[in-house]
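In case you want the letters, here they are:
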Amino acid sequence: MEAPSIKDLPAEERPREKLMHRGPDSLSDAELLAIFLRTGIRGRGVVDVGADMLRACGGSLARMAALNVVELRKLSKGIGLAKACELAAAFEMGKRLARQKALGETLDTPAKIHEFMGPQLQTLPRESLRIVLLDTRHRLIREEEVSLGTLNESLAHPREILRPALSHGAYAFVLVHNHPSGDPAPSEADRALTRRIREAAELMQIHLLDHVIIGRERPGAPPYFSFKEHGLL
């Protein structure tokens, strides 16, 4: 039995036709994957295969984007080495597009910081503390990882955090780190670190604009926590 493909679907259900006539926003995540996969596997249509892959990632494209080639191949029998490499390349292009979009834009709100850093951080299995360096107009200079912590905490001395800001002549910076649990609520260690960095930055006359904790999408709540928005800076 030949694996079903997009051509086997009724015309009105074919993802390509929907994309052509209604635009890519009209497609579900599974349908977008179906266009990429092109064919299903024995007993499973191509849209079903896309849905199966999403379920294996908790329904999250972001989690899928964090997988390496070996892990992508394990999502479905229909994913060979070539397809897994293509998927990994497509996800990487999306991440790079987000980074390029940030160049020239002002990163002066936690929502913009989340848009820029979220795809990189929200699926990591360990905490990663990053510093986002900004010029006088709050545009991106660069971002660096300054600490890779354990599952529960991110450790860094103020001098290690501020060194990139001093080296690159940054006017301001934003601290960003992720919570692998998905809950962006700050811990006491997060609060203490923020206070220490704020005090050190004031001595160095560098502006700490915010500390943003990246979590995952939650119903009725933003997927990040901003110390500035909550009056803690």
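These remarks concern the structure in this document. (Residues numbered from 1 in each chain as written. Predicted model: local features only at pLDDT ≥ 70, side-chain atom pairs only at ≥ 80, totals over all residues. Heavy atoms only, no water.)

1. A word on the sheet that holds strand β2 (residues 140-148)
On the basis of which strands lie adjacent, the open sheet formed by 5 strands has the order β2-β1-β3-β4-β5 and mixed pairing. The outermost strands of the open sheet, each flanked by one partner alone, are β2 and β5 (224-226). Looking at each pair of strands side by side, their axes are set apart by 20° on average, direction ignored. The pairing of strand β1 (residues 128-134) with β2 spans 7 bridges and is classified as antiparallel. Within the sheet, the bridge partner assigned to L133 lies in β2 and is R142. Against the sheet, helix α7 (residues 110-121) engages β1, β2, β3 (172-178), β4 (207-214) and β5, with an angle of about 135° to β1. Strands β1, β2 and β3 of the sheet are contacted by helix α8 (residues 158-167), whose axis makes an angle of about 30° with β1. (Pairing = 2+ DSSP bridges. Helix = DSSP H or I, 4+ residues; strand = E, 2+ residues; numbered from the N terminus. Axes fitted to C-alpha atoms, helices over the stretch in contact; angles between N-to-C directions. Contact = heavy atoms within 4.5 Å.)

2. Quick word on empty space enclosed by the protein
Under the criterion given, the structure shown has 1 cavity of 30 Å³ or more. A volume near 50 Å³ is recorded for the largest cavity. What lines the largest cavity is simply L107, D108, T109, P110, I113, V174, L209, D210 and K228. Of all elements in the fold, only α7 and β4 reach the threshold of two or more residues within the lining of the largest cavity. A class-by-class count of the residues in the lining of the largest cavity yields 5 nonpolar, 1 polar and 3 charged. (1 Å grid on protein atoms, 1.4 Å probe; cavity = no way out; pocket = protein on both sides within 12 Å on 5 of 7 lines; lining within 4 Å. Points joined across faces, edges and corners; volume = space filled by probe spheres on them. Nonpolar A, V, L, I, M, F, W, Y, C, P; charged D, E, K, R; others polar.)

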